[in-house]
Every structure is written in structure tokens, then in C-alpha cells.
Amino acid sequence: MMKKIIYLLIITSAVIFQGCEDYLDKVQDSTGMTEEDVFTNYLNFRQFEDRMYKDMVDPLNQFDYAHIAALCDEGYNTSDWETMPIAQAGDWLRSYNTGQALQFYGVWGAWESIRIANLSLENLPMLEGNATQEQINELKGQAHFMRAWYYYEFLIRQGGMPYLTKALKGSDNFAIPRLSYHETALKIVADCDTAATLLPTEWDMANLGRPTQGAAMALKASTLLFDASPTNNPSDDVSRWEAAADAAWDVIEMSNNTGVYTLVESNGTDQVSYMTPGGEEVITYPSGYDSIFMYTPFNDEIIWEFYERVNNGGTHNPFTVASLSSPSIIQGFSPSQNIVSKYETINGLAVEDDPSFDAQDPWVDRDPRFYHSILFNQQRWTSKTDLYLELWKGGRERLSEPHYSKTGYLARKFWGKNVDSWSGAPAPYTHSIYFRLAEIYLMYAEAANEIGGPDHTISGASLSAVEAVNVVRARVNMPGVHTSYLGSKEDFRERIKNERAVELYLEGKRFFDLSRWGDAHKMEHREIYGIELTENASAPTGYNISETVDPVFTLTFVQKHYRWPIPTQDALMFEEFEQNPGW
């Protein structure tokens, strides 16, 4: 009798190798489907393979108690659930076993999905003659891509891994040593290259959210950028930067040639209103940037996203506070002054470098992305238009208990207008984005700068490093990078870091950027600051504004945190499968 398999592949314990023998060799008669039933029928095969998508992590998931933005200097989360304070305190081994911990055990559980991808690749020959070549190519391309994706998720957290390309049987040798970071990166790149030759440039509407050729190319570029970065490339091997720059430029060139990806441009203006002693003031700024993340079901800047998020309401909950909408699990995210200070003035200068910047009137004349991303004191935001945000200590939005601002700011990004307790409006279409075109330009700029400085253009490209950054800035009508920041590779490197912090705020990138750069342990990124607001009718905003003397919170991040731990029970399974240093 043909060996039967579990159709939906629901395994109660998904760890790296645990349960393989049961999974492969034991018959579960209640499931009823044979290998032939599954792998010789296209629809059955696709349903089987689609189970490999289940371990994708949504960076905006309000039930991820280790919300990734609160593990770096993007801000502070006041969640009173168990995992958040444990993760912020650096006890990441314990974090695997608390709450839902999606950034921890949710990612680590993806070994099951890798197994599904491998089983799919092994059994594709059974589908020949029962599906078109295009259908077979699409199944094969998705399997290669998703295997690469999950290894990428491991790579940027735990580092190098055994790269399994077949589904292990109970009689196989499980004592497989880990590859180096670089070796694992090259394996991911190989899978991406294969996927890019098989996947379509675009899917039809019924299949939106599946990875495309562009997604495979973007994943390759990001993998190579991580591999070239200081933490993972301590000898500063320039060939790794060259590979990253080439891969990023390939995506840009493909988007230019096909038009499949374009930056969402500003298509008009928007306004911010806020109260001052002299009455309501209005700031006008370019619109459009927020449309990348909300309001429309799709846009041409997104290369790959967690598509379930688009139709899943409630995304705003982590970023609002209990005074503005009903409490949620991790409500009360507080943007840091650390990040707010990174938004330049409209003159293209850092606030500390612009003599026209007034620290007592700091909301005016800022990079338009500031208004799209940050809510500040006395701003009018809700559908109840006679309410202005009270972000001073003791104000309606800054109380001492959990689920309120602790820094004097709230996040606007991903929070749709008028989604509050008074309007009853549902959250709009919202995008949880893995890769978008603007980031690819910044990837290219970073790698090209490391090769030859801000004016370097790689062979075959038409943009220098600084020109690529300026493409992203022009979208929001910001001037090009100021010449004072272009004197050296080192100077421009800091502006690229700043540009990524601003452009990609709250998109799940900053934590991993600080780690790959080797910056995460520095106190400037561990100490989370806010602002003090003291009423003063003669001040421009009606308040004296100063940075908090002491940090609102100090994150724990030491050398061992540059490589996430492997869950203890898995690290002890085989001597060859080594735990990361320090854990």
C-alpha cells in the first residue's frame, strides 16, 4: 500500500528536526489522501505547497508581543504582556517560550515550511503530464523562493544554518553542521536566482501576494547586502559589496525596463493642523507617501508584502492609545526622540546643522515624511475635530499606565485618518511590506558608496550612490543630499543610515539594520528618549520643549545579541548543531 501523508501537514511540534520520523513514516488513516492523490493533481499539489506560506511573519501584527520596532531605537512599547519586557531586557532564550513571540518562535518554526518546499520540489516530477509547464514552473519557483525566504529569516537573526534541500527521512543523518553566514547567504542567492527564472513578473488578481520575479531579485539583493555588512563581513571584502550593488541595480533596471514597479509619487498636498497660543496653525506638505502603506488594495511600489494584512483590520491598534480607540493587546507604541531628530529640515540639513531650526518650534519646515509618520503635541488627528492631542505628561494621551504614549509622540504611519472611537471607521487597506522599490534604491546606494564613495556608479548602472538616494528624496520634494554630507564615504554612510531610518520607519527594517551595521549595542541606539512639554503661553507651540533628561527606557543589547539564540532544546539535539556564542 502506498504510504499515506498528512494533507494539511499540521504538526503539533515544529522544530528543526524533531518529529521527522513520525512525520514521514507513520500512517494517519483519518487523512485519507495518498501521495498519488496529492502530487499528480495540480490543484491538490498547489494546496499542499501553499502550506509553506503559513510561517510568514507579519511585522505589523498587533499580537506579536515582541513588536520588532520596540526592540530598537524606533520607540518604546508599553505592553503589559509577558514577552515584550522579557525581550527588551535581552532574555531572548526565554522569549521563545512566552506569549506568541512571533519574531522568535514563530520564525524558528519555519523549518516545517522549508520541509514542505523540499517535498514539493522532490515530487514535482509526479505532476508532469497533469499540469502545464507554466504551472509546474510557478510551483517550482515558489518552492525555491519560500525556501530562500525562510533561510533569509534565519540568516538575519541566528546566522548560518544547515541548508536542507531535501526532506530528511528517519534513516538519514540528522547531525548536520551549520554553514557559515556567507555560505548560507550564497545558498539563498542560488535559490533566488532559480526562482527568478521561473516566477512570473506579475500574478493575476486571484493570485496577488505570491512572490514574483521581482521579489526573488529583491530577496537576493537584501541577502547580499546583509552578507556585505560590517557585522557579517568584518574583513570588508569589497567583492561582497559589489555583488550587493549589482543585485540591487538589477531590480532597478528591471523596474525601469518593464514599468512593473514605480515609486508612488506625490500627487498634491495634505495638511496638519495643531493648536498654539495664537490659535490653530496649519502646515501644508506633499501628499502621497502614506498611500504606499494604506488606503489602496495595491500599488506599484510594493515588490512583496504580507498580503493577508491588506484585508485584515486592526493594524492601527499597536500605534494608537486607549484614549483614542478601544484598548488592544500592545497598544501604546511611542516613537522616540532619537528617531524624530533624524527627520531633516526642508532645507535638507540635519536639525543640528540648520541654523534656521528652532528647537522650540520644531514641527515646522520638516521633511514631509515627518508629517506622514509622527503625531505631535496639540495636533488635531481624530474624527472629533475639537480634540487636540495632549502629549504632555498627564495629558489625555500620555498617562502613566500602559497603553499610552511614554515619549510625547504617537506614530501616524499605518494609522488611517479618523480610525478612532468616535468615527467607528474600520482600519483601511494596509500593507505590511517586505520589499518596496524605494528600499532597493537605498540598498544600491549603500553598496555603491562602500565600493567607491558617494559619486560612485557601478558598471552598467546609470545612477551614482548619491543620485539613487536623491531619487527617493525627490518623491517627497526633499532636496538632494546636502553637499556638506558628501565629503567622504564615511560622511555619506551616515546619511544613508539616516535616510533608511526615516524612509523605512516602522517597516521592520531598523532593528536588523542596526544589527548588520554593528551599531545596535551603542548607547545612542539602546537609550530611548522622549520629550518634556511644560506649558508656556509665550512659547511658539505653547510649551517649552526639551529632551527627557533620562532615557524613557534602556534596551539590553550586548555582543551576543548580534546572533539570536537557537532554542535550547534544539541546540542540544546534536553536537554538530552549535548554539550561537554567549547563549
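Calculation notes
Residues numbered from 1 in each chain as written. Predicted model: local features only at pLDDT ≥ 70, side-chain atom pairs only at ≥ 80, totals over all residues. Heavy atoms only, no water. Phe/Tyr/Trp six-rings, centres within 6.5 Å; stacked < 30°, edge-to-face > 60°. Helix = DSSP H or I, 4+ residues; strand = E, 2+ residues; numbered from the N terminus. Lys NZ or Arg CZ within 6 Å of the ring centre and 35° of its normal. Buried < 20%, exposed > 50% of the residue type's maximum accessible area, 1.4 Å probe, protein only. Lys, Arg positive; Asp, Glu negative; His and termini not counted. Salt bridge = Lys/Arg side-chain N within 4 Å of Asp/Glu carboxyl O. Polar contact = N/O pair within 3.5 Å; in protein donor to acceptor, adjacent residues only side chain to side chain. Contact = heavy atoms within 4.5 Å. 1 Å grid on protein atoms, 1.4 Å probe; cavity = no way out; pocket = protein on both sides within 12 Å on 5 of 7 lines; lining within 4 Å. Points joined across faces, edges and corners; volume = space filled by probe spheres on them. Nonpolar A, V, L, I, M, F, W, Y, C, P; charged D, E, K, R; others polar. Core = buried A, V, L, I, M, F, W, Y, C linked by side-chain atoms within 4.5 Å.

1. Comments concerning the packing of aromatic side chains
Working step 1: Applying the stated rule across the entire model yields 47 aromatic pairs.
Working step 2: Look at tryptophan 92 and tryptophan 583: their rings are 6.3 Å apart centre to centre, the planes differ by 15 degrees, and that puts the pair in the stacked class. With tryptophan 92 in helix α5 (residues 92-95) and tryptophan 583 in the segment after α19 (568-571), this pair connects stretches of sequence that are 491 residues apart.
Working step 3: A network of ring pairs unites the aromatic residues Trp92, Tyr96, Phe104, Tyr105, Phe511, Phe512, Phe557, Tyr562, Trp564 and Trp583 as a single cluster.
Working step 4: Directly above the aromatic system of tryptophan 203 lies the positively charged group of arginine 210, at a separation of 5.9 Å from the ring centroid.

2. Some remarks on the side chain of aspartate 420
Working step 1: Checked against the element boundaries, aspartate 420 lands in the loop between β7 (410-411) and β8 (433-436).
Working step 2: Although aspartate 420 lies buried, it forms no salt bridge, and the closest oppositely charged side chain, lysine 384, sits 9.6 Å away as judged by the N-O distance.
Working step 3: Polar side-chain contacts of aspartate 420 include one of 2.8 Å to the backbone nitrogen of serine 423.
Working step 4: In this structure, aspartate 420 is in contact with Leu324, Ser325, Thr382, Ser383 and Lys384, ignoring residues within four places of it in sequence.

3. Structural notes on empty space enclosed by the protein
Working step 1: Tallying each qualifying case throughout the model produces six cavities of 30 Å³ or more.
Working step 2: Among the elements that line the lining of the largest cavity, the one with the most residues is helix α8 (residues 133-157), at five residues.
Working step 3: Among the residues forming the lining of the largest cavity, the class breakdown is 12 nonpolar, three polar and eight charged.

4. Describing the environment of valine 38
Working step 1: Its location among the elements puts valine 38 in helix α2 (residues 35-39).
Working step 2: Considering only alpha carbons, one finds valine 38 and asparagine 123, 85 residues apart in sequence, at a separation of 9.6 Å.

5. Let's talk about the layout of surface pockets
Working step 1: Approximately 710 Å³ is the volume attributed to the largest pocket.
Working step 2: Lining the largest pocket we find 26 residues, and of these Tyr53, Lys54, Met56, Phe306 and Glu308 sit closest to its centre.
Working step 3: Looking at the lining of the largest pocket element by element, the count peaks at three residues for helix α6 (residues 102-108).
Working step 4: Its residues assigned to classes, the lining of the largest pocket comprises 11 nonpolar, seven polar and eight charged.
Working step 5: Secondary-structure elements contributing two or more residues to the lining of the second largest pocket are α12 (337-340), α16 (489-503), α17 (510-517) and α18 (523-526).
Working step 6: Sorting elements by how many residues they give to the lining of the second largest pocket places α16 first, with four residues.

6. Considerations on the nonpolar core
Working step 1: Ranked by internal contacts, the top residues of the largest apolar core, which has 120 residues, are Phe145, Trp149 and Tyr444.
Working step 2: Counting residues per element, this core draws most heavily on α8, which supplies 13 residues.
Working step 3: Apart from residues lying up to four places away in sequence, phenylalanine 145 is in contact with Ala195, Leu199, Pro211, Ala215, Ala216, Leu219 and Trp304.

From the geometry alone we can't say anything about function, so treat these as descriptive.
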